[in-house]
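Residue-level listing of the chains:
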Amino acid sequence: MKIQTALCFIISICSFQALSAWQYPNNARFAISLSFDDARRSQVDVGLPLLDKHKVKGSFYIMPEQMIGYEKAWKNAGKNGHEIANHSQSHLCTGNFRWLRKQDKGLEQVDLNFIAQDIKAAQQDIINLTKQQPTGFAYPCGQTFVGRGKAVKSYVPIVAKLFDYGRTWNDETANDPYYYDPAQIRAFNMDGKTFNELIALIEQAKFDNAWIVLAGHEVGEKGLYSIDVRALEQLILYLKDPSNGFWLATVADVNRYIQERLKQSHSNNH
Ligand SMILES: [Zn+2]
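Here is what the cut-offs are and how they apply
- Residues numbered from 1 in each chain as written.
- Predicted model: local features only at pLDDT ≥ 70, side-chain atom pairs only at ≥ 80, totals over all residues.
- Heavy atoms only, no water.
- Buried < 20%, exposed > 50% of the residue type's maximum accessible area, 1.4 Å probe, protein only.
- Helix = DSSP H or I, 4+ residues; strand = E, 2+ residues; numbered from the N terminus.
- Pairing = 2+ DSSP bridges.
- Right-handed = clockwise from strand over helix to strand, strands pointing away.
- Axes fitted to C-alpha atoms, helices over the stretch in contact; angles between N-to-C directions.
- Parallel < 35°, antiparallel > 145°, perpendicular 65-115°, else oblique.
- Left-handed = near helix turned anticlockwise from the far one by under 90°.
- Contact = heavy atoms within 4.5 Å.
- Nonpolar A, V, L, I, M, F, W, Y, C, P; charged D, E, K, R; others polar.
- Donors = N, O, S within 2.8 Å, 3.2 Å for Na, K, Ca; no water.
- Disulfide = S-S within 2.5 Å.
- Patch = residues over 30% accessible without salt bridge, like charges linked within 9 Å, V, L, I, M, F, W, Y side chains within 5 Å.
- Areas by Shrake-Rupley, 256 points an atom, 1.4 Å probe, with all protein chains shown as cover.
- Salt bridge = Lys/Arg side-chain N within 4 Å of Asp/Glu carboxyl O.
- Lys, Arg positive; Asp, Glu negative; His and termini not counted.
- Charge placed at Lys NZ, Arg CZ, Asp CG, Glu CD.

The name given to the protein chain in an unreviewed UniProt entry is Polysaccharide deacetylase, with Pseudoalteromonas piratica as the source organism.

Here is the structure:
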């Protein structure tokens, strides 16, 4: 047992060193993704034009119902290289939210089968409306469970089965490429923050090869569920400046890049 532990330790040190040497595209030391949930209208009216102006790509987690009337804009967003991903049909979170209580809905009162069907229905609608095939999922409210108490179950395995990755929310850490689980990619909340607060957050969160995912909702005025459009523009300019060391890409692209690097280094080590 002791020998095995020692061997594992040596192997992990070796592979860590091999991995430490790699860099993200453009010699970047860190990766960062900008993501937006719910397919809110201000994302189409304000967010997408801003990203397009600066030629950067974002990840958008779509509730199909929210796309109604904006189908063409979302279809174009996908065509232009933004990531179109899945955010479920019913957007179930804990029923403690008043807007869900009023509808007698909540994660506490459904089962895994309901969640699986809900995600699949959204997937089909998104494909029909945008002609894009989502490869990622963002857990509504960042919550990953169904049921109550001893009967609580995680629906992370469903997401792991249906998608390349799942993204949570309101987390407190960046993703460590040597460790993270693609089915639970961690994301910071970027809503309601000034540019300086966003930079402070990024500075605190980054470590060697860290992948920082930011997630927000409306784009316009600063608010509880809204990122200030000026702060977002300043942030984009900061992240695009190569001297700051970031590779800015969609969640799907960064995840794919890291997974390929890990696979390569794994096969090199054996
Ligand atoms: Zn949402």
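Enquirer: What should I look at first to understand the pairing of strand E9 (residues 211-216) in this one?
Expert: Burial runs high along E9: 6 of the 6 residues are buried. Of the two faces of E9, both are covered, the one formed by Trp211, Val213 and Ala215 as well as the one formed by Ile212, Leu214 and Gly216. Bridge count for strand E8 (residues 188-189) against E9 is 2 bridges, and the pairing is parallel. Within E9, the residue paired with phenylalanine 188 across the bridge is leucine 214. Between the parallel elements E8 and E9, the chain passes through helix H7 (residues 195-205) in a crossover that is right-handed.

Enquirer: Quick question: what am I supposed to make of the packing of helix H2 (residues 41-53) against helix H8 (residues 229-240) here?
Expert: Packed helix pairs are characterised by how far apart their axes lie and by the angle those axes make with each other. Axis separation between H2 and H8 bottoms out at 11 Å; the angle between their running directions is 25°. Relative to H8, the element H2 is oriented roughly parallel. Crossing of H2 against H8: the hand is right-handed. Contacts from Val46, Leu50, Leu51 and Lys53 of H2 reach H8 at Val229, Leu232, Glu233 and Ile236. Split by residue class, the contact of H2 with H8 holds 6 nonpolar, no polar and 2 charged.

Enquirer: Explanation requested: the coordination of the zinc ion in the structure shown.
Expert: Ideal coordination angles are 109.5 degrees for a metal with four donors arranged tetrahedrally and 90 or 180 degrees for a metal with six donors arranged octahedrally. Within the protein, the zinc ion binds to Asp38 (OD), His87 (NE2) and His91 (NE2); these donor distances fall in the range 2.0 to 2.2 Å. In primary sequence terms, the donor set of the zinc ion follows D-x48-H-x3-H. Here the residue aspartate 38 occupies a position in the loop between strand E1 (30-37) and H2, and histidine 91 occupies one in the loop between strand E3 (83-86) and helix H4 (98-101), the gap between them amounting to 53 residues.

Enquirer: What am I meant to see in the state of the cysteines here?
Expert: One covalent bond between the sulfur atoms of two cysteine residues makes up a disulfide. Counted by the stated rule, this structure contains 1 disulfide. Here cysteine 93 connects covalently by a disulfide to cysteine 141, the sulfurs 2.0 Å from one another. Disulfide cysteine 93-cysteine 141: torsion about the S-S bond near 80°, hence right-handed. Highlighted residues: cysteine 93 in the loop between E3 and H4 and cysteine 141 in the loop between strand E4 (136-138) and strand E5 (145-146), separated in sequence by 48 residues. No difference in accessibility class separates cysteine 93 from cysteine 141, as the two residues are buried.

Enquirer: Just checking my understanding: could you explain a positive patch on the surface for this structure?
Expert: A cluster of basic residues, Lys72, Lys75, Lys79 and Lys131, forms a positive patch on the protein surface. For lysine 131, the location among the structural elements is in the loop between helix H5 (112-130) and E4.

Enquirer: I tried to follow the pattern of salt bridges on my own but got confused; where do I start?
Expert: Where charged atoms from two side chains of opposite charge come close, those side chains can pair. Using the criterion set out here, one finds 10 salt bridges in the structure. The salt bridge involving aspartate 38 is made with arginine 40; its shortest N-O contact spans 2.9 Å. Residue classification places aspartate 38 among the buried positions, given a relative accessible area of 4%. In this structure arginine 40 comes out as partly exposed when scored by relative accessible area, which is 22%. As a salt-bridge pair, aspartate 171 and arginine 186 come within 3.5 Å of each other at their nearest N and O atoms. Here arginine 186 lies in the loop between strand E7 (165-167) and E8 and aspartate 171 lies in the loop between E7 and E8, a separation of 15 residues in the sequence. Owing to a relative accessible area of 27%, arginine 186 belongs among the partly exposed residues under this scheme.

Enquirer: I would appreciate a short explanation of the pairing of strand E2 (residues 59-62) in the present structure.
Expert: The alternating pattern of E2 places Ser59 and Tyr61 and Phe60 and Ile62 on opposite faces, both of which are buried. In the sheet, E1 pairs with E2 via 3 bridges, with the strands oriented parallel. What sits directly across from aspartate 37, in E2, is tyrosine 61. Note that the unit made of E1, H2 and E2 has a crossover that is right-handed. In the sheet, E2 pairs with E3 via 4 bridges, with the strands oriented parallel. Paired with phenylalanine 60 across the strands is isoleucine 84, a residue of E3.

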